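What the coordinates show
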Amino acid sequence: MSDLLTAEDVRRDQILNDAVDDATKVVLTCRGSDGWQTIKTAFAIGVCRDHRLRLTHPESPLLESGQRVGVAFRRGHRKYVFSTVVEGTDPDGTLVLRRPTVIQQMQRRVYQRACPPPGRPIPVTIWAGHVEDDAEHAPTGSPLLEGEVEDLSVGGIRVRASHCPVLPEGTAVACSLCLTSRGTPALVNALYRHGERKNACFSIGFQFIGLETRADGPEVLSLLARTVTNFQRAASRRRPHGPRRQR
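Below or above, wherever it landed, is the structure these notes cover. (Residues numbered from 1 in each chain as written. Predicted model: local features only at pLDDT ≥ 70, side-chain atom pairs only at ≥ 80, totals over all residues. Heavy atoms only, no water.)

Focus: the side chain of R214
Tracing the sequence through the fold places R214 in the loop between β14 (201-208) and α2 (217-238). Polar side-chain contacts of R214 include one of 2.7 Å to the backbone oxygen of L187. (Helix = DSSP H or I, 4+ residues; strand = E, 2+ residues; numbered from the N terminus. Polar contact = N/O pair within 3.5 Å; in protein donor to acceptor, adjacent residues only side chain to side chain.)

The following block contains the structure:
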């Protein structure tokens with residue numbers, strides 16, 4: 001099975017209906033005036049009849065109607081993500097979301113760290129701030145950091161660099177990744193998580209954030225998933241195999 005699939009129509013509805021029936025836990029992602037927020041909530045049971053989705057009393061200040069949010073939930077070994085819009089709040093405080101047109105399904109393995117193959121350096125540039133949804137080019141100005149991919153997953157990246165910027169944990173940054181030999185680099189918003197010295201270099205971790213809320217999010221997620229899968233397959237081919245059993 002592919003590591004990333006797009007579900008539409010009947011299959012999408014079945015996935016969402018099953019998640020609602022089980023009151024599956026949900027993580028919302030949105031960007032407000034105070035920066036990125038992640039909000040833990042769950043599907044409200046038995047309220048799919050009007051083709052909307054409802055979430056039980058999110059642990060957050062009231063989200064505004066028309067605000068775009070990313071939605072992520074897990075079922076078994078798969079994670080599902082989609083982007084949608086807040087439509088309002090019911091009198092009991094239940095959050096009402098527009099039902100998505102498509103959702104993306106990913107295997108958990110693409111959230112496991114994978115290293116680039118030897119001899120294939122992948123440059124990374126990090127800027128302070130945030131990439132807007134319609135941005136076509138990397139931010140201007142001096143970057144915070146330039147380095148190479150140490151390891152990568154759909155959820156984040158570790159960068160190998162000659163120095164480590166002094167940043168509070170959770171600082172918002174914009175990340176430019178050259179994941180293909182052709183075309184423009186992928187631009188991803190991220191949060192700084194940690195930095196540590198490793199021999200003569202530094203290993204610096206960032207968590208990707210907000211891909212589910214962007215118009216080009218599905219394309220970037222698909223690119224990340226393919227890249228991680230290719231890294232994992234290359235690593236598997238490099239592992240030594242034991243001697244064949246003689247018959």
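Considerations on the sheet that holds strand β9 (residues 123-128)
Taken in spatial order, the six strands line up as β9-β10-β11-β14-β13-β12 and close into a barrel, and their pairing is antiparallel. Across the sheet, the mean angle separating the axes of adjacent strands is 45 degrees when strand polarity is ignored. Note: β9 against strand β10 (residues 145-153), four bridges, orientation antiparallel. Paired with T125 across the strands is E146, a residue of β10. (Pairing = 2+ DSSP bridges. Axes fitted to C-alpha atoms, helices over the stretch in contact; angles between N-to-C directions.)

Quick notes on the packing of aromatic side chains
For any two aromatic rings, the description comes down to two numbers: the centre-to-centre distance and the angle of the planes. The tally for this structure, following the rule as stated, stands at three aromatic pairs. Ring geometry for F43 versus F73: centroids 5.3 Å apart, planes at 80 degrees, classification edge-to-face. With F43 in the loop between β3 (35-42) and β4 (52-55) and F73 in strand β5 (residues 68-75), the pair connects residues that are 30 residues apart, well separated along the chain. With respect to class, F43 is no different from F73; both count as buried. Taking the centre distance of 5.9 Å and the plane angle of 65 degrees together, the rings of Y192 and F206 count as edge-to-face. Remark: F206 occurs in strand β14 and Y192 occurs in strand β13 (residues 186-198); sequence separation between them is 14 residues. A network of ring pairs unites the aromatic residues F43, F73 and Y80 as a single cluster. (Phe/Tyr/Trp six-rings, centres within 6.5 Å; stacked < 30°, edge-to-face > 60°. Buried < 20%, exposed > 50% of the residue type's maximum accessible area, 1.4 Å probe, protein only.)

Coordinates in, geometry out; function isn't part of it.
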